[in-house]
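A look at the structure
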Amino acid sequence: MNNVLLQIPLDIPDVKIEKFTKDSQHQFVVTVTSTCKSAECRKCHKTIEKFYGYDKEITLRHLPIFATPVWIKIKPKRFQCPDCEGKPTTTQQCSWYDVSIPRNREEPVFLPTIKAKCIISTLLHLLRTTFYIDFH
Ligand SMILES: [Zn+2]
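Described below are features of the structure shown in this document. In this text the structure is predicted, and so the values were computed from the model without any measurement.

For the protein, the count of helices and strands is one helix and nine strands. The order of α-helices and β-strands along the protein, N terminus first, is β-β-β-β-β-β-β-β-β-α.

Below is the structure:
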């Protein structure tokens, strides 16, 4: 049998893929590193660029590939503010996930986007079939 390779874009900004493996449950695990160069200070809200190491690794659920769950592992970067008292550190805020959402939950990180697309698609279908209004 030929080994056929398939490339699927991860579609996540500001990351570099380090590893692509399967875990003990045969689920895909993509380990990525952040390429973010700055964060917004949680106190003064200025852009800070002094790298201060990595936060604990977090695992986020991505969309499945061939009905197999996909998990993204990332260690978010931390940055230090040179201006605020006590030089506090701030963990980067990625544009593709919300740090306030609990970790390891079963809902994929992109689900709000998918829900929004489904709602728009349903509305367009409704307009087309019920009111005969079509958008091209
Ligand atoms: Zn600050």
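Picking up where we left off.
Let us now look at the sheet that holds strand β7 (residues 68-74). Taken together, the four strands give an open sheet; going across it, the order is β1-β2-β7-β6, and neighbouring strands pair in mixed fashion. On the outer flanks of this sheet lie β1 (15-22) and β6 (58-65), each paired with one strand and no other. On average, adjacent strands in this sheet sit at an angle of 25° to one another, irrespective of strand direction.

Let us now look at the pairing of β7. Where strand β2 (residues 28-34) and β7 come together, five bridges link them in parallel fashion. Residue Thr 31 lies in a different strand from β7, and its bridge partner there is Lys 73. With six bridges joining them, β6 and β7 adopt antiparallel strand pairing. The residue of β7 that forms the bridge with Ile 58 is Ile 74. Between the end of β6 and the start of β7, which pair antiparallel, lie two residues, with Phe 66 showing a positive phi angle near 50°.

Our next topic: the sheet that holds strand β8 (residues 77-80). On the basis of which strands lie adjacent, the open sheet formed by three strands has the order β5-β8-β9 and antiparallel pairing. Looking at which strands have only one partner, the edges of the open sheet turn out to be β5 (50-54) and β9 (89-91). Shown here is a sheet whose adjacent strand axes are inclined to one another by a mean of 35°, direction ignored. Two elements, β5 and β8, share three bridges in a ladder whose sense is antiparallel. What sits directly across from Tyr 54, in β8, is Lys 77.

Let's shift gears to unusual backbone geometry. Backbone geometry places His 45, a non-glycine residue, at a positive phi of 65°. Checked against the element boundaries, His 45 lands in the loop between β3 (39-40) and β4 (47-48). One non-glycine residue, Lys 87, lies in positive phi territory at about 45°. With respect to the helices and strands, the residue Lys 87 is situated in the loop between β8 and β9. Here Lys 87 falls in the exposed class, since 12 other C-beta atoms lie within 10 Å of it.

As a further point, take the environment of Trp 96. Here Trp 96 shows up in the loop between β9 and α1 (111-130). Since 17 C-beta atoms lie within 10 Å of it, Trp 96 is described here as partly exposed. Sequence separation of Trp 96 and Pro 13 is 83 residues, and the distance between their C-alpha atoms is 7.3 Å.

Regular strands show a simple pattern: their side chains alternate between the two faces of the sheet. Within β1, only zero of the eight residues are buried, which leaves it mostly out in the open. Bridge count for β1 against β2 is seven bridges, and the pairing is antiparallel. The partner of Ile 17 across the bridge, within β2, is Val 32. The turn linking β1 back onto β2 is made up of five residues, and His 26 within it adopts a positive phi angle of 65°.

Definitions and cut-offs
Residues numbered from 1 in each chain as written. Predicted model: local features only at pLDDT ≥ 70, side-chain atom pairs only at ≥ 80, totals over all residues. Helix = DSSP H or I, 4+ residues; strand = E, 2+ residues; numbered from the N terminus. Pairing = 2+ DSSP bridges. Axes fitted to C-alpha atoms, helices over the stretch in contact; angles between N-to-C directions. Buried ≥ 20, exposed ≤ 12 C-beta atoms within 10 Å, placed from the backbone.

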